[in-house]
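Architecture and fold: a report
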Amino acid sequence: MGRLFKYMGTYWRTVLAVFAVLIAQAYCDLSLPAYTSNIVNVGIQQGGIEEKIPNAVTVDQMHRLLFFMVGTAEKQEVIDAYELDTDAYGKEAYVLKEEIRRNEEEIDRLYDRIKTAMILSMRLDAELSKMDGETIMEGNPVDQNTNSEIRPEQLQEQIAQMPDSIVEQAGTAYIRTAYKELGMDMDQLQLRYLFKVGGKMMALALLGMLASILVGLLASRVGASAGRDLRSRVFHKVVGFSSNEFDHFSTASLITRSTNDIQQIQMLMVMLLRIVLYAPILAIGGIYQVFQTNVSMSWIIALAVVLIGGVVLVLFTVAMPKFKIMQKLVDRLNLVTREILTGLSVIRAFNTQKYEEERFDKANRDLTRTSLFVNRAMTFMMPVMMVIMNGISVLIVWTGAHGIGEGQMQVGDMMAFIQYTMQIIMSFLMICMISIMLPRAAVAAERVDEILTSETVIHDTKKPERLPKRLEGVVKFDHVSFGYPGASEEVLCDISFEARPGETTAIIGSTGSGKSTLVNLIPRFYDVTAGQITLDGKDIRELTQHDLRSCLGYVPQKGVLFSGNIASNILFGNSDGTKEEMMEAAQIAQASEFIETKPEQYESTIAQGGSNVSGGQKQRLSIARALAKHPKILIFDDSFSALDYKTDMALRRALREKVSDSTVIIVAQRISTILHANQIIVLDEGSVAGIGTHEELLENCEIYRQIAASQLSEEELTANRQGKVVSVHE
């Protein structure tokens, strides 16, 4: 998780904006249950009457209220709060003063003064409805001898013990009666309240929807930007890898980490901002609203949280290890798929399709089996959560019903409590849903971070030296030894020679003798473990990799072309090169003969990896690419192996004529390729077995003689011993 937050840290401003919008969204969502409660309690049960005390009463009702009040000061306070109005309702009425209506403290104080009087007035109406009208005395609300049970002194204690909700409902019933006596349309009053509250709910719902859309947009931008930056950082890191790092990270694994793993991180970032960040805001707000609604049932929330936390803990314990295994299995599947598709022609040639299918099926089954286990574990979560949610709902209804029966709460309050509880549970449920993605994304972040934090073995020195403007191109190996990291033995041991400009230095030896490893040390694909390699007297480790490689023309053992056309591939290392330079390089590399036979010539398309050209054509284009750069040092790592003898001979002749001022280093398997080299270095098991010309080595190097005897006829060997460089191939 720490790595994920570190990746999001770059976009902290947007994250803060998302947080602010989420608070607004939570406010809208948490306000809706309260309005639902008001619609039920006030709009339906109370007929739209939301005030605690009547805004207007008839003169008779005011006299009745004053009759049931005890203190003279209290009566005067109530009288002072109202003013007599004869126009508003077509009859004389006492109307609550406007300044009093806007003062909540005044309203609460007046409510305390007249709530008992309102209840007693309702009791009086109930009693009078049972009595004969003749018992009513002129000028008195009731005969005290006949109806002594409704005296205020006798009911004060009884009313004080009544629950607040019942007292409020009784007060509302009185206000409804008072309004009816004034001739007010109660249906219209109720509809007006319902439309007002419903309109507020619609506005809040619309605002919440807009906030949700805005959060989705911002979260998607953060996720996409983070994914883009991570891919860029990983790519630049991988491009700077030495061969040692490529030996540690397989190509299939690097591709998986750059695509699948970063996609997992990107998706989780979006979900973190949209859901995980929103869930605690909603949960905290919901708990606050629950305590505002009904504290007595708050234990139900605690029970739900404990149950959900237990389910999440169990699932994490079971599924987390499997997610780590899953990513490795994805790597394995990618590796097998890549190997099979790359070597499909060889597989068909050896008729091993059945074996490769079984190998792919095994990797596929292993991944499927692990995925099914994880998905089953996570699928188990949803029904368990639904059971918890439904059980909590039933528990709230059962507990709330008792509260309603005892007058401790109203129906709307119970409905609001259920909604708040569901919001709290849903917030935890959202986090649980993210837990499906979280372990896998955490593993993916760890794998990506492994690349970003890996130490590159090959790096530039802090104070690099600069090459002179007029570079000679003298390459010198001074007692060079090299061993691969972790290997017990050295691949190269005490190699010393010098390659000079205008000369060709050839390297030959048996398979595995270290030829390619030796030339890979020059561009610093690896660094020497002992000794030094110098370029014009400067240790190449003291130069920047850019400066060093800018003066090298390297042709690898396996020709590599890039998608595009022939021209873009030849000018790959010299983007500012002219058409004449491109054509000259192609001519020297003996590539012009097949290029000019194509309809589009140098604009002909090259498929990815050069799959639409032959091996020999690929090598010649690779050689032309190196020549078009005009380097001072040319390195050919067995780059003529796919050429026929005629093309090989013509290419070497052109090289001698056109690049006579460059230092040429050739790794070769064929003697015919290096007959004219100025010096030939013979390698045997990583050591120098001989250095000299072809004739000199035939005389004093047994290993070279054995190689020559295996490739040249007796006539050629005899001619060479006599100082005649003759080949039946020429």
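The structure we're discussing is the one just above.
Structural notes, computed from the coordinates.

**With respect to the packing of helix H2 (residues 12-45) against helix H9 (residues 186-239)**
Contact geometry for H2 and H9: axes closest at 8 Å, N-to-C directions at 160°. Taken together, the axes of H2 and H9 lie roughly antiparallel to each other. Judged by the sense of rotation from one axis to the other, the crossing of H2 with H9 is left-handed. Residue composition of the contact of H2 with H9, by class: 23 nonpolar, nine polar and one charged.

**Details of the sheet that holds strand S1 (residues 56-58)**
In spatial order, the strands read S1-S3-S2; together these three strands make up an open sheet with antiparallel pairing. At either end of the open sheet lies a strand with only one pairing partner, and these are S1 and strand S2 (82-85). Taking the axes of each pair of neighbouring strands and ignoring which way they run, one obtains an average angle of 30° across the sheet. The sheet contact formed by S2 and strand S3 (residues 93-96) spans four bridges and is antiparallel. Bridged to Asp85 within S3 is Ala93.

**Considerations on a nonpolar patch on the surface**
A cluster of nonpolar side chains, Leu206, Met209, Leu210 and Ile213, forms an exposed patch at the surface whose accessible area comes to about 390 Å². Summarising the element assignment, Met209 is placed in helix H9. Judged by its relative accessible area of 43%, Met209 falls in the partly exposed class.

**So, the pattern of salt bridges**
Oppositely charged side chains may form a pair once their charged atoms are brought near each other. Here the structure, examined in full by the defined rule, presents 17 salt bridges. Note that Glu339 and Arg359 form a salt bridge whose closest N and O atoms lie 3.1 Å from each other. Linking Glu339 in helix H13 (residues 298-342) with Arg359 in helix H15 (residues 353-405), this pair joins segments that are 20 residues apart in sequence. We classify Glu339 as partly exposed; its relative accessible area is 39%. It is possible to trace a salt-bridge network through shared partners that takes in Glu77, Glu106, Arg109 and Arg113.

**Thoughts on helix H3 (residues 59-68)**
With seven of ten residues buried, H3 is to be regarded as a mostly interior element. Taken together, the buried positions of H3 are occupied by Val59, Gln61, Met62, Arg64, Leu65, Leu66 and Phe68.

**Comments concerning the sheet that holds strand S4 (residues 475-482)**
Pairing is antiparallel in the open sheet, where four strands are placed in the order S5-S4-S7-S8. The open sheet has two edge strands, strand S5 (492-499) and strand S8 (538-539), and neither has a second partner. The pairing of S4 with strand S7 (residues 530-535) spans five bridges and is classified as antiparallel. Within S7, the position partnered with Phe477 by the bridge is Ile533.

**Quick look at the nonpolar core**
Of all hydrophobic cores here, the largest spans 65 residues; its most connected members are Ile392 and Ile396. Secondary structure elements with two or more residues in this core: H2, H9, helix H11 (251-276), helix H12 (278-293), H13, H15 and helix H16 (411-452). Of the residues forming this core, the biggest block, 18 residues, is contributed by H16. Setting aside residues no more than four positions away along its own chain, Ile396 makes contact with Met297, Ile300, Met414, Phe417, Ile418 and Thr421.

The rules we used
Residue numbers restart at each chain and count upward from 1, following the sequence in its written direction. For this predicted model, a pLDDT threshold of at least 70 governs which residues receive local features, and a threshold of 80 or more governs which side-chain atom pairs are given and counted, while totals over whole chains, interfaces and linings are taken from all residues. To obtain the side-chain values, all non-hydrogen atoms of the structure were included, while hydrogens and water were left out. Angles here are taken between N-to-C directions and fall from 0 to 180 degrees, while the axes themselves are lines fitted to C-alpha atoms, restricted in helices to the stretch in contact. Numbering of helices and strands runs from the N terminus, with a helix taken as a DSSP run of H or I at least four residues long and a strand as a DSSP run of E at least two residues long. Roughly parallel means an angle under 35 degrees; roughly antiparallel, over 145; roughly perpendicular, 65 to 115; everything else is oblique. By definition, turning the near helix anticlockwise from the far helix through less than a right angle yields a left-handed crossing, and turning it clockwise yields a right-handed one. Polar here means any residue other than Ala, Val, Leu, Ile, Met, Phe, Trp, Tyr, Cys and Pro, which are nonpolar, and Asp, Glu, Lys and Arg, which are charged; Gly is therefore polar. Any two strands between which DSSP finds at least two bridges are classified as paired. Each patch groups residues whose relative accessible area exceeds 30% and which form no salt bridge, using 9 Å between like charges and 5 Å between nonpolar side chains of Val, Leu, Ile, Met, Phe, Trp and Tyr. To measure how exposed things are, a 1.4 Å probe is used in the Shrake-Rupley method; for residues, cover is taken only from the protein chains shown. By definition here, a salt bridge exists when the distance from a side-chain nitrogen of Lys or Arg to a carboxyl oxygen of Asp or Glu is within 4 Å. Note on classification: 1.4 Å probe, protein chains only; a residue is buried when its accessible area is under 20% of the maximum for its type, exposed when over 50%, partly exposed between these limits. By nonpolar core is meant a set of buried Ala, Val, Leu, Ile, Met, Phe, Trp, Tyr and Cys residues that side-chain atoms within 4.5 Å join together. Contacts between residues were defined by any pair of non-hydrogen atoms, one from each residue, lying within 4.5 Å.

These figures capture arrangement, not role.
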